Each structure stands twice: as structure tokens, then as C-alpha cells.
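Each chain, letter by letter, is given below.
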Amino acid sequence: MTEHMLSRCLALPKCTVEMFYTGAPLKEMKAWLGTGKERNGCIERNLQYHNQPGGGLGARLEYAFNTSFQQGYEKVVVLGCDIPGITTDIIRDTFAILDQRENRKHSIVLGPAEDGGYYLVAFHRDLWNTHATDWKRIFTDDGTIKWGSEHVRRQTIQVAEENKMKVVCLKQALSDVDEVEDLAVFERECGVVSTEHPLVSIVMPVLNERAALPVTLRNLVKQTKRTHATELIVVDGGSTDGTFDWLSQDDNLKAVGCVKRGDDTTPKGDSTEVAPLTVQVVQSEKGRGKQQNTGVKQAQGEFVFLLHADSVVPTNYDEVIRTTLLQNPHAALGAFSFAYDPQSMDETHILNKLRLNVVSWSTNRRCRWAQLPYGDQGLFFRSSMLKAIGGVPELTLFEDFELVTRLRDFCGFPSYKFVREETQPQLPNVRTLLGDVHNAWLRRNAKVARGVKRVVVVGPAIQTSARRWINRGIATTTLLNWVYVVCWTVGVPVKTLTAWYYGR
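Residues numbered from 1 in each chain as written. Predicted model: local features only at pLDDT ≥ 70, side-chain atom pairs only at ≥ 80, totals over all residues. Heavy atoms only, no water.

Caption draft 1: Seen up close, the overall build of the chain. Each helix and strand in the chain was counted, giving 20 helices and 17 strands. Buried positions account for 50% of the 504 residues belonging to the chain. For the chain, long-range pairs separated by at least 24 residues make up 74% of all intrachain contacts whose partners lie at least 6 apart in sequence. Put simply, the chain shows about 24,600 Å² of open surface, and 50% of that area lies on carbon and sulfur atoms. (Helix = DSSP H or I, 4+ residues; strand = E, 2+ residues; numbered from the N terminus. Buried < 20%, exposed > 50% of the residue type's maximum accessible area, 1.4 Å probe, protein only. Contact = heavy atoms within 4.5 Å. Areas by Shrake-Rupley, 256 points an atom, 1.4 Å probe, with all protein chains shown as cover.)

Caption draft 2: Highlighting the sheet that holds strand E14 (residues 311–312). An order of E11-E12-E10-E9-E13-E16-E15-E17-E14 is seen for the 9 strands of this open sheet, with the pairing classed as mixed. Among the strands making up the open sheet, the edge pair consists of strand E11 (258–260) and E14. Bridge count between E14 and strand E17 (residues 455–464): 2 bridges; the pairing is antiparallel. Bridge assignment links Val312 to a residue of E17, and that residue is Gln463. Sitting on the sheet, helix H16 (residues 399–410) is in contact with strand E13 (303–306), strand E15 (333–340), strand E16 (379–382) and E17, with an inclination near 35 degrees to E16. (Pairing = 2+ DSSP bridges. Axes fitted to C-alpha atoms, helices over the stretch in contact; angles between N-to-C directions.)

Caption draft 3: A look at the sheet that holds strand E7 (residues 118–124). With mixed pairing, 4 strands are arranged side by side in an open sheet as E5-E7-E6-E8. Lying at the two open borders of the sheet, with one neighbouring strand each, are strand E5 (75–79) and strand E8 (166–169). Each strand axis lies, on average, 20 degrees off the axis of its neighbour in the sheet, ignoring direction. For E5 and E7, the ladder comprises 5 bridges, and the chain directions are antiparallel. In the strand pairing of E7, Val77 is matched with Ala122. Contacts between helix H4 (residues 88–99) and the sheet are confined to E5, strand E6 (107–112), E7 and E8, with E5 contributing the most and set at about 145 degrees to the helix. Where helix H7 (residues 152–162) meets the sheet, it contacts E6, E7 and E8, and its direction lies at approximately 170 degrees from that of E6.

Caption draft 4: Inspection of the pattern of salt bridges at higher detail. Applying the stated criterion to the full structure yields 9 salt bridges. In this structure, Arg226 engages Glu319 in a salt bridge whose closest nitrogen and oxygen atoms are separated by 3.1 Å. Taken together, the positions of Arg226 in the loop between helix H9 (213–223) and strand E10 (230–236) and Glu319 in helix H13 (residues 317–327) put the pair 93 residues apart, joining distant regions of the chain. For the pair Arg226 and Glu319, one class covers both residues: buried. (Salt bridge = Lys/Arg side-chain N within 4 Å of Asp/Glu carboxyl O.)

Caption draft 5: Examining the pairing of strand E12 (residues 277–283) more closely. Of all the 7 residues making up E12, 5 are buried; the element is thus mostly covered by neighbouring parts of the structure. Relative to E12, E10 runs parallel, the two sharing 6 bridges. Across the sheet, Val234 pairs through a bridge with Val281, a residue of E12. Across 3 bridges, E11 lies against E12 in parallel orientation. Looking at the pairing, Val259 lines up with Thr278 of E12.

Caption draft 6: Expanded view of the packing of aromatic side chains. Summed over the entire model, instances satisfying the criterion amount to 19 aromatic pairs. Ring plane angle 80 degrees and centroid distance 6.3 Å describe the contact between Tyr21 and Tyr49, whose orientation is recorded as edge-to-face. Note that Tyr21 is positioned in strand E1 (residues 17–21) and Tyr49 in strand E4 (residues 47–51), a separation of 28 residues in sequence. Across the pair, exposure class does not vary: Tyr21 and Tyr49 are buried alike. Geometrically, the ring pair formed by Phe65 and Phe69 is stacked, given 6.2 Å between the ring centres and 25 degrees between the ring planes. Residue Phe65 and its partner Phe69 are located together in helix H3 (residues 57–70), separated by 4 residues, close to a single helical turn. The pair formed by Phe65 and Phe69 is uniform in burial state, with each residue classed as buried. Each residue in the set Phe65, Phe69, Phe123, Trp128, Trp135 and Phe139 is aromatic and connected to the rest through ring pairs, giving one cluster. Between the NZ or CZ atom of Arg366 and the centre of the ring of Tyr374, over which it lies, the distance is 4.0 Å. (Phe/Tyr/Trp six-rings, centres within 6.5 Å; stacked < 30°, edge-to-face > 60°. Lys NZ or Arg CZ within 6 Å of the ring centre and 35° of its normal.)

Caption draft 7: A look at the environment of Val296. Residue placement: Val296 occurs in helix H12 (residues 288–298). A relative accessible area of 16% places Val296 in the buried class. Through-space distance from the C-alpha of Val296 to that of Ser383 is 8.1 Å; in sequence the pair is 87 residues apart. Once residues lying within four places of it in the same chain are set aside, the contact partners of Val296 are Val203, Val304, Leu306, Leu386 and Val392.

Caption draft 8: Here's a closer look at the nonpolar core. In this structure, Leu306, Leu333, Phe381, Phe398, Leu403, Leu407 and Leu497 are the most contacted members of the largest nonpolar core, which totals 40 residues. The dominant element in this core, judged by the number of residues it contributes, is H16, at 5 residues. Filtering out sequence-adjacent residues up to four positions away, Leu497 remains in contact with Leu397, Phe398, Tyr484, Cys487, Trp488 and Val492. By size, the runner-up hydrophobic cluster in this structure holds 32 residues, among which are Leu247, Cys258, Ile321 and Ala331. (Core = buried A, V, L, I, M, F, W, Y, C linked by side-chain atoms within 4.5 Å.)

Caption draft 9: Up close: the packing of helix H14 (residues 350–370) against helix H19 (residues 474–490). With their axes 10 Å apart at the nearest point, H14 and H19 run at an angle of 20 degrees to one another. Here H14 is positioned roughly parallel relative to H19, judged by the angle of their axes. Facing H14, whose interface residues are Asn352, Arg355, Leu356, Val359 and Arg366, H19 presents Ile474, Thr478 and Trp482. (Parallel < 35°, antiparallel > 145°, perpendicular 65-115°, else oblique.)

Caption draft 10: Just the pairing of E13, in detail. Alternating residues of E13 divide into Phe303 and Phe305 and Val304 and Leu306, and every residue in both groups is buried. Summarising the sheet, strand E9 (residues 200–206) and E13 pair through 4 bridges and their orientation is parallel. For Ile202, the partnering residue across the bridge sits in E13 and is Phe305. Here E13 runs beside E16; their pairing, made up of 4 bridges, is antiparallel. Bridge pairing in E16 places Phe305 opposite Phe380.

Shape is all these values report; function is a separate question.
Right under this line is the structure:
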């Protein structure tokens, strides 16, 4: 749980994390969670340690605030380590509240816990100066506040108001882990799986795929090893060719080895019974990012697999996903290798086939070197990880690029992203751009040298249709893809890129 909380805190830029601990030597704490030392010219972790004094919880909270403000910090947020539902957005929102002028001198921020206590407490340095002695009364151990009871938050608010301080409560009420029974909350929020074969949720956005869909679904069922532990969510973006109507017919689904969610009676989990693939069909606004996000919200699995409708999955792809994520618990995401569907190249010239093989080879090299796979490689990750970053970016283009970048950033892997504005971006000058690239390169080398693997690209390949490359020209399509990536990276608005990409 401590590692889970620490990952959320360290994902915030320009934020120092102070770890207050007890019961273990400092050497062991650093060996476990890392240090703030420099490696290869870059900061590995912005993390400092303090041994807590004795006394009750109130005294320890008071010590944490005093120590932090004495070091010169303007805003201090104190969190417990047993809050599985905490996100970086909650912490970021707390700092934003403290930045408001009316809250600096007289406001305390509390994150309400569902058991009547609080999981977060924060205030500004100005309050520490203005209420030099009053603020300490909210951490008193004299019995005014009954620590560990369901009355803690109410009593804290009462004491604060009596001493002319205002309390701002966050909207998000979260559960903490106090009893063994509460571990189920931690497992659900953090993606800890309790079965050997956790459920994999496949999310497939479709648009006018009526002709190809039967073949796609039949192949998907054929290549699934454990259909009882796999579900498919098909999200239609407003098809006009009868795709949704075809998916809505039970007989059509049964013909390709599928069954609607709720109609199957085969038990999930470690059963070895052969079962049809469970399918749920939903509708959404047009747009791959929006469709994927709609499907993710319906997913029940511990693992989520984003699959394009024109992709051909490898044999036992679901077992590959389970094995990869279980063996790499700290990975941000995984992806399959890239290859072109041989059937889509049957009628093309032998030279074009050679060129396409070069493109697929270079794509796989780029993915492993830069840790940057794209959506047509089948991205998969823990559902809890996706929830923590707020879901799939609902963009009209480059939703996969942005999703991978956010997941890598969340897990502490350096990105090469500089500006991200929807309208009127401020493009970096050449000197700043080259400096950022150099710093990102140093951070990447430092992490790779330590064996950090945040993106796992597995050997089995997902096959993608080569029609677009053949129709538009292989060299032209590849060059344009790189131009779009560079433009996106330096901040060209997504609306502009979408117009370029689709020629409108």
C-alpha cells in the first residue's frame, strides 16, 4: 500500500515527498523505496525521510507539518498510506485549493474518509504563520479529538471553527484500510488479483464493420484460450451499415461462438469448461477515444485489452496478457509486436512486401527502444492503472499516443512530450526543445540502466491490415505518420492534425 501511495505522489511534477516513518532503520527504508540521489545527472526520486517521534497520531501529524514548514515549503499535504483510492488528481486539486488567495491564511483542507475520519489534511504556510498556535489544537492528544473513532472529522471541524479557521472538505470520500476485511478495497483499487486466471476485458470500437465483423469475432474466439475468463465489449460509434443491428441479434453472435453478457451460465475464474465468449454491445459517440472510454467504463475485468476491429490476434493472446501483467506488476502497460496481415499483401508487388517487412521490423525496434507502442499493437494494462489516470483520452486522433504517454508518466518513466494544448499552443523554441530532448534522454538512460521496464512489448505479433499503406504509398504513409507524431509532440492542436490526417 505504501508503494501504491508513493507512486501517486511521485507522479506529480515539482513535488517533494517527505516520508515520515517509524519502526525500521533508515538504511532499510531507502533500500525499499529509493533515495533522492542523482544518477547520470537526473533526479531518480524526489524523496526524503524523517523518523517520527513517539506519541499519538495528533502529535505525529503536528510534527510532520512543523518539519515541512520549517524546511521552507509553502503548501503541505499530509496523507496516510492506507488509502487505495487516492489519485494524483485528488492531490493536485488539494494544492489548487491552497493556491486560492482566500484559503491561504484561514483554511484547512480535509479529505473525508468513509468511516468518519479523514485521509488527507493540508494547509498553507500562511495559516501556519497566522495561526501560530491555534492550528496545533486540531492535532491535540488531550482527548478533545478521539483519534481512531468515527467522530474524528466532525470534532476536527468543530475545533477549527472555534479557533476561527475554515475547513474545506474535498468532494471525494474514500475508504481506508483498517481491518482485514478492508483489504478487498485495496485489491480492487490497486489491481491486486486473487485468481490464477483474472478476467480480461477486451474493448473493441467499431464503425461500419458489418462485412468484416463475423470473421473478426470468429477468429477472436478461436484464438482465446480461456473464454470463461475473457469478455468482449464492442462499442459502436454510430454505424450506418447495420453493424449494431447485426450485433444485437443473439443468433448472429452464437454463430461465431459468442453469447451476450447475462445469457451465459458458465462460471468465471479457474474453471476449465469450454464456454462461449461473453459479449456486451454498447453505443457511443463517434471517435475511437470516446468509444474506448465508453467500453472501459463497462469493463469488469482486472485487465483491459484495447483491440482494433481490423486486427488479427495471435494464438492464446489472453493468456499472454495475463502472464505478462502478472509477471510485471509495476509495468505501466504491455503491447504485442507489430506485423502486417499476410492476406492483405497477397496481391501487392514483391518489392512492396519487402518494404512492408522493413516497416514492421523498424516499428518493433522503435517500440522496444523508445518504449512507445501504438494502438494497432493491442495495448493492455490493469484497469486500476487506467482509472488512476482518468481513462482513455477522448481525442479524435492520437488517443493511443497520449494514453501511452500518460501511463508512462504516471509510472515515473520519462516522456518526450513538451506542450499539450487543444487551442493556441505555445510552441517551444529550438533551444528549449533540444534541451528537453536531452534531459529526457538522460532520464531514460538512467532508468534503462537500472533495468526499469515500464512498457512490455511481447513477442507474439498482432497482424494489421496493410491496405492503408499500399493504397497511400508505403514511404508516403510512413513519412506522414512521423510528421504527425512530431507535430503532436511539439503541441500542434489535435483539431488541426485531425483535419490534416483525414484531408478535411
